[in-house]
Amino acid sequence: MSEQAKKKSMDDIMALCKRRGFIFQASEIYGGINGFWDYGPLGTQLKKNLKDAWWQDTVITPPMGPDGSAVRMVGLDSCIIQNPRLWVASGHVGGFSDPMVDCKESKRRYRADHLVVMGLPDAVRLYVFVDGDDDGREKALKTLSKYTKRTVQPEEVNIRPFPSLNDAERTVAVGPDAKEPGTLTAPRAFNLMFKTYVGAMATEDDVAYLRPETAQGIFANFKNVVDTSRVKVPFGIAQIGKAFRNEVTPRNFTFRSREFEQMEIEFFCQPDSTAQWYRYWRDFRVAWWKGVGLAGENLVLREHDRDELAHYAKNGAGTSDVEYRFPFTDPGFGELEGIADRSNFDLTQHTLHSKTKLEDFDPETNQKFVPHVIEPSAGADRGVLAILCEAYTADPSRPSGVFMRFTPRMAPIKAAVFPLVAKDGMPELAEKLYSELKPRFGCVEMDVKQTIGKRYARMDEAGCPFCFTVDGDTGLSQAVTVRHRDTLAQEHVALDKVGDWLAERLKG
Ligand code: GAP
C-alpha cells in the first residue's frame, strides 16, 4: 500500500461524507437500498462543480484541435427512456450481461469472473472465494486444512477461475458464504438493464428500459443534430445524464452504483483521422482530471492491450482508461473514464435497425460516408469519489483531525465569513462583507455560532479554502484576518479588497 493511501481508509472518508453532508445512503430512514446514493448539500455542489467544469472545458472551450483549429462541440439532453428497439440495435438487449453465480445456501449472488477456486490436486473438495479477498483466501486455506485434517501449505494448492469448473467439480465446491458443497449454480447470464413499462397496461409489449449509458441517445440524435446545427465532421456531441445498471454486486461506496451519472462525448470524425483524434481526446482527458485535483501519483492512463479491446474497436486507434488509485483498489486502480475508438459501429447499427441513413458528406471526395467515433466516457460519481479521496488529508494537529484539500474550482464552499464573537458590532461588519461576497462568488457561508475553533474545523471538513474573520479591531483597522485552509497561515486583508483578493485566488 502506498504511504499516501495508507492514511486514508474508506470508512473514514464515508463517515466524513455523511457527517458533513456530502453523500448519504438513499432512503436511509427505511434501511437504505443497495447501490443507490443521495448527495447532500455539499456533495451536490461538489458534483455540480465537476460537471460544470467538464461542460465548460469540453463543450464551450475545448483545446484547439490537432491541426490548430477550433474544435466544434455541441450539447444534447436526451431521454432516459427511449424506444426499446434502440437497445436492440446497440446490442444491450442481447448482450449487456454479466455471467452470474447464485448460491442456494447463502442466497448470495456473485459475478462469475470475480470468483476463484482453491483446491489440492486431487480436487476432492474445492473452496471458492472472491478474487483479491485476502480474508476469503485465508478462510479457504483453513477450511481445506480442516477438511484434510492436516495443515495445507499455500504452495500446495491450485487456484483457478470459477468459470473453468465442470458440473462434477461444482458439486464439491463450497461457496464463499456457504458451509455445504454443491450450492453454487453454473454461471448464468443476467441482463444489467432495468426494465420498466410505458403506459397503463404494463403488458410485455410495453416493456422499456432505463438507459444504461447516455451514449446511445447521442447516436440516435446524430441526424437531428447534423440537420439542425450546421455542424460538419469533425465535431462532437456531449451529454451529461443519469444512467442505470442493475449491477449484481454494487460496492465500494458510489464506485459501482445502480444509478449514476455519466459525462459522455461522441466525437465524429473521418475514418482516416481517428488516430489523431483518439490521441487528442486521450491526452486532453487525462490532463483535465489532473486539473480538477487528481494531479498526484494516484492518477494513471492505461492503454488497453489488443486482446482487451471490444470487438468493434479491434481495428481502431485504441482504447485507454483514465484510472485512479482509490483506497479500496490500492495498490491497483479503478476506472474513471474510458476513451475508445468505436469505429463506425454504432452509427452503422442504428442505420441498419432504424432504416435511417446516418451519414455525412465529404466535399473532397464528393461522397457520403459513415463517420467514425472517438468516445471519451466519464463517470461523474466516480470523479466525485476520486476527488473526495484525493482531497481527504489527515492532520492530527487540527481540531477536526482532517481537512479536505479541494482545488478552489471544485471546493463546494469558496469562502466563509465569521464574526469572532457575536457582539461589539462584529456580526454587522461580517454580515456586510458576506453580502458583498455572496452575489459575486455564490458559494459563500456566514457562520456565527460556536467557538471560532469549531467553525474552522467545520470549514476544514467542508474543504473551504479561505475563512475571513472579523474581530474586535476590524472596525478601526478596516481589515479582516484570512485563514488559509492548507497552510493554516493567517494574514490581514483590507475589508474593501477582500473581493478582489478572493477572485485572484479562486482563479483556475
Ligand atoms: N458509453 C460507454 C460506457 O458507458 P462504461 O465504461 O461502461 O462505458 C463509462 O462507462 C463510465 O461510467 C465509467 O468509466 C465509469 O466512470 C462510469 N460507470 C460505469 N458503470 C458505473 C457504475 N455502476 N457506477 C458508477 N459509475 C459507473
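This text goes with the structure placed above it.
What counts and what doesn't
Residues numbered from 1 in each chain as written. Predicted model: local features only at pLDDT ≥ 70, side-chain atom pairs only at ≥ 80, totals over all residues. Heavy atoms only, no water. Near = heavy atom within 4 Å. Polar contact = N/O pair within 3.5 Å; in protein donor to acceptor, adjacent residues only side chain to side chain. Areas by Shrake-Rupley, 256 points an atom, 1.4 Å probe, with all protein chains shown as cover. Helix = DSSP H or I, 4+ residues; strand = E, 2+ residues; numbered from the N terminus. Nonpolar A, V, L, I, M, F, W, Y, C, P; charged D, E, K, R; others polar. Pairing = 2+ DSSP bridges. Axes fitted to C-alpha atoms, helices over the stretch in contact; angles between N-to-C directions. Contact = heavy atoms within 4.5 Å. Salt bridge = Lys/Arg side-chain N within 4 Å of Asp/Glu carboxyl O. Buried < 20%, exposed > 50% of the residue type's maximum accessible area, 1.4 Å probe, protein only. Core = buried A, V, L, I, M, F, W, Y, C linked by side-chain atoms within 4.5 Å. Arc of directions from axis to C-beta.

K.L.:
Tell me about the site of the ligand, residues and numbers included.
P.N.:
In the vicinity of the ligand, 18 residues are found, and the nearest of them are Glu213, Arg245, Ser257, Glu264 and Glu335. Taking Leu336, its main chain carries an N or O atom lying 2.9 Å from an oxygen atom of the ligand. Across the complex, the protein chains shield 88% of the 550 Å² of accessible surface that the ligand would expose by itself. Broken down by secondary-structure element, the contributors of at least two residues to the shell around the ligand are β14 (259-269), β17 (334-343) and β20 (372-379). Residue composition of the shell around the ligand, by class: 4 nonpolar, 5 polar and 9 charged.

K.L.:
Any details on the sheet that holds strand β10 (residues 188-191)? Residues and values, ideally.
P.N.:
Strand order in the open sheet formed by 3 strands is β5-β4-β10, and the pairing between neighbours is antiparallel. For this open sheet the edge positions go to β5 (109-111) and β10, each flanked by a neighbour on one side alone. With direction set aside, neighbouring strand axes in the sheet form an average angle of 50°. The pairing of strand β4 (residues 97-102) with β5 spans 3 bridges and is antiparallel. Residue Met100 lies in a different strand from β5, and its bridge partner there is Arg111.

K.L.:
Any details on the sheet that holds strand β24 (residues 444-446)? Residues and values, ideally.
P.N.:
With respect to topology, 5 strands assemble into an open sheet ordered β24-β23-β25-β26-β27, the strand pairing being mixed. Every other strand in the sheet has two partners, leaving β24 and β27 (490-494) as the edge strands with one partner each. Mean inter-strand twist for the sheet, computed between neighbouring axes without regard to direction, equals 25°. Across 3 bridges, strand β23 (residues 415-419) lies against β24 in parallel orientation. The partner of Ala415 across the bridge, within β24, is Val444. Here helix α16 (residues 498-506) sits on the sheet in contact with β23, β25 (466-470), β26 (479-484) and β27, set at roughly 165° to β25.

K.L.:
If you had to explain the pattern of salt bridges to someone new, which residues and values would you point to?
P.N.:
In this structure the tally under the stated criterion is 40 salt bridges. Across the pair Glu247 and Arg256 runs a salt bridge whose closest N-O atoms are separated by 3.9 Å. Here Glu247 falls in the buried class, since its relative accessible area comes to 7%. Between Glu337 and Arg285 there is a salt bridge whose closest N-O contact spans 2.8 Å. One end of the pair, Glu337, is in strand β17; the other, Arg285, is in helix α10 (residues 274-291), and 52 residues separate them in sequence. Given a relative accessible area of 0%, Glu337 falls into the buried group.

K.L.:
Outline the nonpolar core, listing residues and values.
P.N.:
Core analysis: the largest hydrophobic core is formed by 63 residues, its most contacted members being Trp281, Trp289 and Phe406. If near-sequence neighbours (up to four positions away) are discounted, Trp289 is found in contact with Leu50, Met263, Leu294, Leu299, Val322, Leu336, Glu337, Ala378, Gly379 and Gly383. By size, the runner-up hydrophobic cluster in this structure holds 20 residues, among which are Tyr434, Leu437, Phe466 and Leu502.

K.L.:
Mind laying out α16, listing which residues take part and the relevant values?
P.N.:
When we look at burial in α16, the residues that qualify are Val498, Gly499, Trp501, Leu502 and Leu506. For α16, the arc enclosing every buried residue in end-on projection is 165°, short of the 170-degree limit, so these residues lie on one face. Residues of α16 that are buried in the fold lie against β23, α13 (426-441), β25, β26 and β27.

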